[in-house]
Amino acid sequence: MWCPTALLTACDGPLSALDPVGPAARAAAGLWWGMFLYFGLVFVVVVALWGYAMRRRQGTDDPRMQRRWIIGGGVLLPLLSITALLAVGIPAGHRMLPLPPESGPALRINVTGHQWWWEMHYPDGGITLRNELHIPVGVPVDIHLTTADVIHAFWVPRLGGKLDAIPGHTNVLRLQADMPGLYRGQCAEFCGLHHAHMQFTVTAHAPEAFERWLQEASGD
């Protein structure tokens with residue numbers, strides 16, 4: 001028997017943006033669910049009106065009613081939809097920006113995309129890694145993103161939004177993990193033959209464990 005929960009089978013998993021564990025990722029997931037529910041409702045209403053139009057009796061057209069439908073469906077509904085999207089989307093986008101944290105500085109990590117791997121560099125610790133990122137839990141992390149060749153896109157779906165790495169330019173992406181764990185990342189911009197294999201991992205440590213890792217990795 002068909003079950004509606006089958007529609008939700010892709011809502012979790014290592015690369016699901018609908019299973020967030022950080023503030024930026026939760027903002028993106030909340031925006032997605034809000035748009036899904038609102039435009040799902042619009043779809044149901046449009047289908048219902050279409051069904052009504054197909055079954056109504058001929059010869060009952062009223063020019064005034066036609067004008068009301070045109071104004072309501074062609075002007076008011078799009079304006080209402082755009083206004084609702086902006087009212088929700090602008091605050092959600094604001095929460096994804098690399099703004100100054102409320103307490104303490106953000107951890108900076110320089111990330112450079114290559115065909116087809118990621119170079120992760122910690123400027124304060126002199127640590128360079130390949131396809132492997134380590135961050136502390138509960139601390140904002142600013143990814144300073146660039147590329148050594150073509151355009152790539154850095155994306156950790158459960159921790160934040162995606163951002164392009166553009167040649168000759170540095171973009172900044174804010175990530176934050178609320179719980180320890182291993183999270184998968186992926187290049188989200190087609191960049192050549194081995195694009196699908198341009199993956200990386202993000203390990204979120206408890207603050208004390210991250211400090212120990214930092215000391216070990218830097219050789220102190």
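Everything below is about the structure printed above this text.
Student: Could you give me a rundown of the packing of helix α1 (residues 23–55) against helix α2 (residues 63–95), with the residues and numbers involved?
Tutor: Where α1 contacts α2, the axes come no closer than 9 Å and their chain directions differ by 170 degrees. It follows that α1 is roughly antiparallel to α2 by the angle criterion. Contact with α1, carried on its side by Ala 27, Leu 31, Met 35, Tyr 38, Phe 39, Val 42 and Leu 49, involves Trp 69, Leu 77, Leu 80, Ser 81, Leu 85, Val 88, Gly 89, Ala 92 and Arg 95 of α2 and no other residues of that element. Looking at the contact of α1 with α2 residue by residue, the classes come out as 13 nonpolar, 2 polar and 1 charged.

Student: Before we move on, can you summarise the packing of aromatic side chains with the specific residues and values?
Tutor: Using the criterion set out here, one finds 9 aromatic pairs in the structure. Between Tyr 38 and Phe 39, the ring centres sit 5.1 Å apart and the planes meet at 80 degrees, which makes this aromatic pair edge-to-face. Given a relative accessible area of 36%, Phe 39 falls into the partly exposed group. Both rings, one in Trp 118 and one in Phe 200, keep their centres 5.7 Å apart while their planes meet at 70 degrees; by these two values the pair is edge-to-face. With a gap of 82 residues between them, Trp 118 in strand β2 (residues 117–122) and Phe 200 in strand β10 (residues 199–205) connect regions that are remote in the sequence. There is no split in this pair, since Trp 118 and Phe 200 are both buried.

Student: Break down the sheet that holds β10 for me, with residues and values.
Tutor: As summarised here, the arrangement of the 5 strands in space is β4-β10-β9-β6-β7, forming an open sheet in which the pairing is mixed. Looking along the sheet, the strands with just one partner apiece sit at the ends: β4 (132–136) and β7 (163–165). Ignoring which end each strand starts from, the neighbouring axes of this sheet average 25 degrees apart. Summarising the sheet, strand β9 (residues 181–187) and β10 pair through 6 bridges and their orientation is antiparallel. Counterpart to Gly 181 in the pairing with β10 is Ala 204.

Cut-offs and rules
Residues numbered from 1 in each chain as written. Predicted model: local features only at pLDDT ≥ 70, side-chain atom pairs only at ≥ 80, totals over all residues. Heavy atoms only, no water. Axes fitted to C-alpha atoms, helices over the stretch in contact; angles between N-to-C directions. Helix = DSSP H or I, 4+ residues; strand = E, 2+ residues; numbered from the N terminus. Parallel < 35°, antiparallel > 145°, perpendicular 65-115°, else oblique. Contact = heavy atoms within 4.5 Å. Nonpolar A, V, L, I, M, F, W, Y, C, P; charged D, E, K, R; others polar. Phe/Tyr/Trp six-rings, centres within 6.5 Å; stacked < 30°, edge-to-face > 60°. Buried < 20%, exposed > 50% of the residue type's maximum accessible area, 1.4 Å probe, protein only. Pairing = 2+ DSSP bridges.

Don't take any of this as a statement about function, it's just geometry.
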